[in-house]
Amino acid sequence: MARADLKQRKLDATTERLRDFAMPAGGKWAREAREAALLRLTGMGLPTKRDEYWRWTDPSSLISPDDRRAAVFDAGEPRPFTDIDALKIVFVDGVFDAEASDELAGENLEITRLAEATQADIHWASSVYGVLEERGQTPVERPLGALNTAFASDGICIRVSGVVTRPVNITYLHASETSDAVLHHVVKLEEGAALTLLENGPAAARFNKCIEVEIPDGAKFNHVRTQGRDHERRAVTHLYARLGSNAAFKSFTLTANGVLTRNEVVLELVGNDSMAHVAGAALGDGDFHHDDTVFITHDAERCESRQVFKKVLRNGATGVFQGKILVKKDAQKTDGYQISQSLLLDDDSQFLAKPELEIYADDVVCSHGSTTGAIDEQALYYMRSRGVPKTEAENLLTLSFLAEAIAEIEDEAIAADINDRLVAWLARRGHGKG
Amino acid sequence: MLEIKNLHVKLEEEDKQILKGMSLKIGEGEVHAIMGPNGSGKSTTSYVLSGRDGYEVTEGSATLNGEELLDMDPEDRAAAGLFLAFQYPVEIPGVGNMTFLRTAVNAQRKARGEDELSAAEFLKEVRAKAKTLKIDADMLKRPVNVGFSGGEKKRNEILQMAMLEPKMCILDETDSGLDVDAMRLVSDGVNALRDGKRSFLVITHYQRLLDYIKPDVVHIMSDGKIIKSGGPELALEVEHNGYADLLAEAE
């Protein structure tokens, strides 16, 4: 079929699919932002497996109108970050739970639900909402990001006017087997402000989430999330951030289980001397498909970016990594690092990686590496020869494989919480699914 | 203590026989040394005893206090009291030396039905033993053997041996890559563990090490078996004359 025909078919299918979607009512700014996003979306069409960036991850079940069931999973253990003192915000199947949430206020914080912010004709969130998502559409189209901007039912808008030490913790509970949630958060930091955002939980049977973060000069954004252990859940997430000068961005994601997860991170470094680190650890057992798609644009001097992604796969699980560093012409002295690695615990699992560097500046240091491997037999023998049982030795080696990603978590208590969960996941191996 | 009887071993991958009727008997508290030219099967002996993959035992047995080692997993051999100090200690990035050591000590204790050491007890013991081997706090914190010099790696092996308190210690070319000072330090570490009950099998190319760790019996190994055994004087003979005469004699 000719390319033009294919595109037309895609657009027709998109129009057809979007009949089921209703744009939430809202004030002037929200209406404009949503309509612009819809226009972007209908211009691109919803993704299909034919698209270059969806070649390894079939998007159909993230879009299809079919009933996408996901059994609710009770881990029978405390949720992540329960021991971390934080401002708590709770959504159940994408619906805000006022009872379970703290008062949406704090020092140096202005917090509004998106559902409320969108009712006004003018709101500060309009300077971010859909803005970074739109910027992130070139050079690679992200139609599910536009879909989110157009149709997100709710979310949290956080404005940070100074350094906030107590994190904001968003918990996404999953209660309905057929829930289909679309949430969109906006974080706007003032110059020199700082915020740690935690997220945890499966959210819904199917979840589409966007976060847009504006990080101006001297501001700092720290993000740690865990995506919930419900085996059948599906999620597509987009995390957009734009950094001014001397700004810092750190994000870490733990994904254990989930039948399909696509995490996109789109970062733009537009001010000098900034740093952006994005890391992830994914643990998959059986019916598990996990995709990290990262795009970092260096458009200023002396910025540092790091991507550290590790996946442990067994029992037929699939891991995907598509990571790109784009260094623009004037982004001299860029320091870019990217590593994506998988540890395959058996012969049935697979890891697909596409590391990309595109560099137009002539004075940069960029390195990237991608490996797929099994447990190091030599190390295993050495440990066993000291009396460490095979499973315990394998677990230690698996944790050591993940260590570089975990090291990206700045806060020690949070890192310890994440580490405990990795240990528990490994301990469940051989005792049914994690 | 350790009894190897008529051991025949070949490489799994290729049809190559390495051990061809190796026999050896080490009594309680004894120190035996094995010397021999390259390729005679010395290191293979240590690997087969400790349970490394890639070898197939076609005949013979190896028992530790009457228990057949060759049927056991490597970790069970360790729990039974066997320890191999590696010629090339393995680097394990990401696993802290201390974590590893404590995991190993407690895994063995657990396997033997003993109580695990508490963090405090372990720390106290490891610090004292590390000190005599001149292993500093930094080395204990670093990942296992990563960035260690040759001498540091060997000292770390001896520290593991001291902490695990095995009954039967095999030292595979522990002197390789060591300068004289390091060799003395390592030897002192080994000698400190000689208590009249613990047995040692020292594999080496050079008589020099045996000046520090004095053996009761010296074996000469060639082409997969022991061709001659004797007292410490046998090592001196090798040092002076090489293996040629001994090999010719055995022919």
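Residues numbered from 1 in each chain as written. Chains lettered and ligands numbered in written order. Predicted model: local features only at pLDDT ≥ 70, side-chain atom pairs only at ≥ 80, totals over all residues. Heavy atoms only, no water.

Comments concerning the overall build of chain B
Item 1. Of regular secondary structure, chain B possesses 10 helices and 12 strands.
Item 2. Compactness check: chain B gives a C-alpha radius of gyration of 18 Å against a globular reference of 18 Å for 251 residues, within 12% of the reference.
Item 3. In terms of its C-alpha atoms, chain B occupies a principal-axis envelope of roughly 55 × 40 × 35 Å.
Item 4. In chain B, which comprises 251 residues, the proportion classed as buried is 54%. (Helix = DSSP H or I, 4+ residues; strand = E, 2+ residues; numbered from the N terminus. Rg over C-alpha atoms; globule rule 2.2 N^0.38 Å. Buried < 20%, exposed > 50% of the residue type's maximum accessible area, 1.4 Å probe, protein only.)

Considering the UniProt feature "domain: ABC transporter" (unreviewed entry) in chain B
Item 1. Under the UniProt annotation, "domain: ABC transporter" (unreviewed entry) lies at residues 2–248 of chain B.
Item 2. The distance separating the terminal C-alpha atoms of residues 2–248 of chain B is 29 Å; by composition the span is 39% helix and 28% strand. (UniProt positions renumbered as here; feature names shortened; annotations may be inferred.)

A closer look at the packing of aromatic side chains
All names here are of chain A.
Item 1. Within the structure shown, the criterion is met by 11 aromatic pairs over all chains.
Item 2. Taking the centre distance of 5.4 Å and the plane angle of 40 degrees together, the rings of Phe309 and Phe321 count as tilted. Taken as a pair, Phe309 in strand β16 (residues 304–314) and Phe321 in strand β17 (residues 318–327) lie far apart in primary sequence, 12 residues in all. Here the two residues Phe309 and Phe321 agree in accessibility, since each one is buried.
Item 3. The residue whose ring lies beneath Lys310 is Phe401, and the NZ or CZ to ring-centre distance is 4.9 Å. (Phe/Tyr/Trp six-rings, centres within 6.5 Å; stacked < 30°, edge-to-face > 60°. Lys NZ or Arg CZ within 6 Å of the ring centre and 35° of its normal.)

Remarks on the confidence of the model for chain B
Item 1. On average, residues of chain B carry a pLDDT of 91, and 100% of them reach 70 or more.
Item 2. Scored as a whole, the predicted complex attains pTM 0.89, and scored at its interfaces, ipTM 0.95. (pLDDT = per-residue confidence, 0-100.)

Points about the domain arrangement of chain B
Residues and elements named next belong to chain B.
Item 1. Per the domain assignment, the segments of chain B are domain 1 (1–81 + 167–180 + 197–251) and domain 2 (95–165).
Item 2. For domain 1 and domain 2, the distance between their C-alpha centres works out to 26 Å.
Item 3. Counting residues at the interface gives 11 residues for domain 1, matched by 9 residues for domain 2.
Item 4. Summed over the shared surface of domain 1 and domain 2, the number is 0 salt bridges.
Item 5. Our count for the domain 1 to domain 2 interface comes out at 3 residue pairs in polar contact (both at pLDDT 80 or more). (Domains from an automatic or database assignment. Contact = heavy atoms within 4.5 Å. Salt bridge = Lys/Arg side-chain N within 4 Å of Asp/Glu carboxyl O. Polar contact = N/O pair within 3.5 Å; in protein donor to acceptor, adjacent residues only side chain to side chain.)

A word on the interface of chain B and chain A
Item 1. Counting residues at the interface gives 31 residues for chain B, matched by 17 residues for chain A.
Item 2. In total, chain B and chain A occlude about 1900 Å² of area from one another, counting both sides; carbon and sulfur atoms represent 64% of this.
Item 3. The salt bridge involving Asp73(B) is made with Arg384(A); its shortest N-O contact spans 3.6 Å.
Item 4. At the boundary of chain B with chain A, the tally comes to 11 residue pairs in polar contact (both at pLDDT 80 or more).
Item 5. Mapped by element, the contributors of at least two residues to the side of chain B that touches chain A are α1 (42–50), α2 (74–80), β6 (82–85), β7 (92–96), α3 (97–111) and α6 (150–164) of chain B.
Item 6. Sorting elements by how many residues they give to the side of chain B that touches chain A places α3(B) first, with 6 residues.
Item 7. Considered class by class, the residues forming the side of chain B that touches chain A number 18 nonpolar, 8 polar and 5 charged. (Buried area = accessible area lost by both parts, 1.4 Å probe. Nonpolar A, V, L, I, M, F, W, Y, C, P; charged D, E, K, R; others polar.)

Digging into the side chain of Ser349(A)
Residue and element names in this part refer to chain A.
Item 1. Along the chain, Ser349 turns up in the loop between β18 (335–344) and β19 (350–359).
Item 2. Given the relative accessible area of 7%, Ser349 is considered buried.
Item 3. Here the side chain of Ser349 touches Asn315 through a polar contact of 3.4 Å, landing on its backbone nitrogen.
Item 4. Aside from chain neighbours lying at most four places away, what touches Ser349 is Leu313, Arg314, Asn315, Gly316, Ala317 and Leu344.

Let's talk about a negative patch on the surface
Item 1. Taken together, the side chains of Asp376(A), Glu377(A), Glu12(B), Glu13(B), Glu14(B), Asp53(B) and Glu56(B) make up a negatively charged region of the molecular surface.
Item 2. For Glu14(B), the location among the structural elements is in the loop between β1 (2–11) and β2 (17–26). (Patch = residues over 30% accessible without salt bridge, like charges linked within 9 Å, V, L, I, M, F, W, Y side chains within 5 Å. Areas by Shrake-Rupley, 256 points an atom, 1.4 Å probe, with all protein chains shown as cover. Lys, Arg positive; Asp, Glu negative; His and termini not counted. Charge placed at Lys NZ, Arg CZ, Asp CG, Glu CD.)

Re the packing of helix α2 (residues 28–44) of chain A against helix α6 (residues 143–151) of chain A
Residues and elements named next belong to chain A.
Item 1. The N-to-C vectors of α2 and α6 enclose an angle of 150 degrees; their axes lie 8 Å apart at closest approach. Taken together, the axes of α2 and α6 are roughly antiparallel relative to one another. Note that α2 runs across α6; the crossing there is left-handed. Contacts between α2 and α6 involve Ala33, Arg34, Ala37, Leu38, Arg40, Leu41 and Met44 from the first element and Pro143, Ala146, Leu147, Thr149, Ala150 and Phe151 from the second.
Item 2. Of the residues in the contact of α2 with α6, the class split is 10 nonpolar, 1 polar and 2 charged. (Axes fitted to C-alpha atoms, helices over the stretch in contact; angles between N-to-C directions. Parallel < 35°, antiparallel > 145°, perpendicular 65-115°, else oblique. Left-handed = near helix turned anticlockwise from the far one by under 90°.)

What to know about the sheet that holds strand β11 (residues 217–222) of chain B
All names here are of chain B.
Item 1. Taking strand neighbours across the sheet as the criterion, the 6 strands line up as β6-β9-β10-β3-β11-β12 in an open arrangement whose pairing is mixed. This sheet does not close on itself; its edge strands, each paired only once, are β6 and β12 (225–230). Strand-to-strand twist in this sheet, taken as the mean axis angle between neighbours without regard to direction, amounts to 20 degrees. (Pairing = 2+ DSSP bridges.)

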